[in-house]
Amino acid sequence: MALKAEQINEKTVWQDLTEGLQIHEAATSKLFETGEWRTNTPVWIQEKCKQCLLCVPYCPDSSIPVCENKREEFDYKHCKGCGICVKACPFHAIEMKEGK
Amino acid sequence: MAIKERMSGNEAVSHAIGQINPDVMPAFPITPSTEIPQFVSTMIANGEIDTEFIPVESEHSSMSAAIGSSAAGARTLTATSSCGLALMWEVLYVAASNRLPIMMQVVNRALSGPININAEHSDSMGARDSGWLQIYAENNQEAYDNTIQAYRIAEHPDVKLPIMVCQDGFITSHAVENITLLEDEPVKAFVGEYNPEHYLLREDETMSVGPYALSPFCMEAKRAQAQAMMNAKKVILDVAKEFEAISGRSYGFFEEYRLEDAEYALVAIGSACGTIKDAIDKLREQGMKVGLLKVRVFRPFPGEEMANALKACKAIAIMDRCEGYNGNGGPLGAELTAALYRAKATAEVVNIIYGLSGRDVTVGDIEGIYEKLVKLAEGENLFGTYPYLGLRSR
């Protein structure tokens, strides 16, 4: 029996996979935690942040959540640590830290 | 009512395609399969069928378009030969691993070089591990019958794999022979409509085809695909039984021709089997216990069943219309020898390369093989270490 994407993990047996690993659901990329790939990590310095939100559209992995017109903490489950947000921020409110 | 006709192999499979009326055919011409897209596009132009024909710029494109079309939910086919099949190489695996039941007519022809347009199995044998089902025909009748059965096998929920329907270039594809056709209605009823559960154009379901998978998932995915190939065995036999009910013609994994009490057997694929049968009839009249195992289904490989059918033989010649370039023989030889070993068969086995690039095979050639098999069973090997049938040699 084929499982739902959220039920599939590294313990799933071959009989439970979908044919050709086809996906019959939407938005399953949320389940793929690309944050595991990160080697360097962006750090948000809240006191320097003016909430201009320039970093948000620059993020290639949609890993800067916005709630009521204000950015929130990074989504580290999906942030790959590319560092583009650091370059995009005019107020030096994001710094790269070595390691996860 | 059966219809008596005379047709070439290409005409025969095109007639079957016309009766099936598939949804989409992307194709690129290559000798000797060119006539198939030609005949199909003529039927489309004449308004006899409503298949969407896609003229493409290469065989890599025809197979890629077939993959897109099949994933979208359309019953899809294409046709090719030789280098055209070789150019599809990369995407053949994509079709199979995405479990897309595409039908491909393969008119077997030598791969270059030397560049040559005649019958040889090196093209489809090169794709034998691509995950496609492969069914071979001896003559136009079998090519027609296999085409009608193909989608039923490929589209079965336990299988969902693409299928190659193979016939020998020119010898079968262009020679005109008698044939018995079925009427359109029983063919349409037998093949039925294609209603896949999942497809890209389904409006009420999102779907992704061919996602990237990391190492922790690929082995499981490949094992699941291998299971589909194993499941195909039962489906092929079930479909053949149903086909027999509408046609009166019976099919299995292979045909056993005077094999039951045979002490000396040949195993071969394709058009040369007609010549082998003539030689068998002649030698049987002289009292020699000779027979043939004609392979119809090569993928899945019915190794156990073949070994069982050959278990009483004293000596077996496995015939490959394909050079393996491995110093060890051809693909049928390698796989069947392994199956015979597993079955603990005691027969002497020789693997013979024959008929490359359309080289003629005569009744006399085959008689010579059986005579040498008798000697081989007595302990005298007249074949040499690397037998080529009819080779000029110093």
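All values derive from a computational prediction rather than experimental measurement.

## Structural notes on the overall build of chain A
And step 1. The helix and strand tally for chain A stands at two helices and four strands.
And step 2. Listing the helices and strands of chain A from first to last along the sequence gives β-α-β-β-α-β.
And step 3. Computed over the C-alpha atoms, the radius of gyration of chain A is 17 Å, more than 25% above the 13 Å expected from 2.2 N^0.38 for a compact globule of 100 residues.
And step 4. Expressed as a percentage of its 100 residues, the buried residues of chain A come to 16%.
And step 5. Pairs at least 24 apart in sequence give 64% of the contacts found in chain A among residues at least 6 apart.

## Things to note about the domain arrangement of chain B
Residue and element names in this part refer to chain B.
And step 1. Assigned domains of chain B: these are domain 1 (3-247) and domain 2 (255-377).
And step 2. Computed over C-alpha atoms only, the centres of domain 1 and domain 2 are separated by 27 Å.
And step 3. Contacts between domain 1 and domain 2 engage 26 residues on the former and 21 residues on the latter.
And step 4. With five residues, the top contributor of residues to the side of domain 1 that touches domain 2 is helix α9 (residues 215-247).
And step 5. In the side of domain 1 that touches domain 2, the residues fall into 13 nonpolar, eight polar and five charged.

## With respect to the sheet that holds strand β10 (residues 264-269) of chain B
Paired through backbone hydrogen bonds, the strands of a sheet run either parallel or antiparallel to each other.
Residue and element names in this part refer to chain B.
And step 1. Reading across the sheet, the five strands line up as β9-β11-β10-β13-β14 and stay open at both edges, with mixed pairing between neighbours. In this open sheet, the two strands that pair with only one neighbour each are β9 (254-257) and β14 (348-353). Neighbour-to-neighbour, the strand axes of this sheet turn through a mean angle of 20°, independent of strand direction.
And step 2. For β10 and strand β11 (residues 290-295), the ladder comprises six bridges, and the chain directions are parallel. By the bridge assignment, Y264 is partnered in β11 with V290.

## Topic: unusual backbone geometry
And step 1. Each neighbour pair has its own omega, and for S112(B) with G113(B) the value is 0°, a cis peptide bond.
And step 2. Mapping G113(B) onto the fold places it in the loop between β5 (103-108) and α6 (122-126).
And step 3. Following G113(B), the chain continues to P114(B) via a peptide bond in cis, the omega torsion being 0°.
And step 4. When you line up the elements, P114(B) lands in the loop between β5 and α6.
And step 5. The phi torsion at A27(A) lies on the positive side, around 60°, for a residue other than glycine.
And step 6. Along the chain, A27(A) falls in the segment before β1 (40-44).
And step 7. In this structure, S62(A) takes a positive phi of about 45° despite not being glycine.
And step 8. Tracing the backbone shows S62(A) in the loop between α1 (55-58) and β2 (66-67).
And step 9. When the 14 C-beta atoms within 10 Å are taken as the criterion, S62(A) is described as partly exposed.

## Concerning the domain arrangement of chain A
And step 1. Per the domain assignment, the segments of chain A are domain 1 (1-26) and domain 2 (33-98).
And step 2. Distance from the C-alpha centre of domain 1 of chain A to the C-alpha centre of domain 2 of chain A: 32 Å.

## Section: the nonpolar core
And step 1. Ranked by internal contacts, the top residues of the largest apolar core, which has 112 residues, are I153(B), I163(B), V165(B), A265(B), V267(B) and L293(B).
And step 2. When residues of this core are assigned to domains, at least three map to each of domain 1 (3-247) and domain 2 (255-377) of chain B.
And step 3. The contact partners of L293(B), leaving out residues within four places of it in the chain, are F254(B), E256(B), L259(B), A265(B), V267(B), M306(B), A309(B) and L310(B).
And step 4. Counting nine residues, the second largest nonpolar core, distinct from the first, contains C59(A), I64(A), C85(A) and C89(A).

## Regarding the pairing of β10(B)
All names here are of chain B.
And step 1. Of all six residues that make up β10, six are buried, and the element is covered over most of its length.
And step 2. Burial along β10 is two-sided: Y264, L266 and A268 facing one way and A265, V267 and I269 facing the other are all buried.
And step 3. Assessed by its sense of winding, the connection that carries the chain from β10 through helix α10 (residues 272-285) to β11 is right-handed.
And step 4. The pairing of β10 with strand β13 (residues 315-320) spans four bridges and is classified as parallel. Looking across to β13, one finds that A265 is bridged to I316.

## Description of the sheet that holds strand β4 (residues 77-80) of chain B
All names here are of chain B.
And step 1. Pairing is mixed in the open sheet, where five strands are placed in the order β4-β5-β7-β6-β12. Strands at the two margins of the open sheet, each flanked by one partner only, are β4 and β12 (297-299). Taking the axes of each pair of neighbouring strands and ignoring which way they run, one obtains an average angle of 20° across the sheet.

Reading the values: the criteria
- Residues numbered from 1 in each chain as written.
- Chains lettered and ligands numbered in written order.
- Predicted model: local features only at pLDDT ≥ 70, side-chain atom pairs only at ≥ 80, totals over all residues.
- Helix = DSSP H or I, 4+ residues; strand = E, 2+ residues; numbered from the N terminus.
- Rg over C-alpha atoms; globule rule 2.2 N^0.38 Å.
- Buried ≥ 20, exposed ≤ 12 C-beta atoms within 10 Å, placed from the backbone.
- Contact = placed C-beta atoms within 7 Å.
- Domains from an automatic or database assignment.
- Nonpolar A, V, L, I, M, F, W, Y, C, P; charged D, E, K, R; others polar.
- Pairing = 2+ DSSP bridges.
- Axes fitted to C-alpha atoms, helices over the stretch in contact; angles between N-to-C directions.
- Core = buried A, V, L, I, M, F, W, Y, C linked by C-beta atoms within 7 Å.
- Right-handed = clockwise from strand over helix to strand, strands pointing away.

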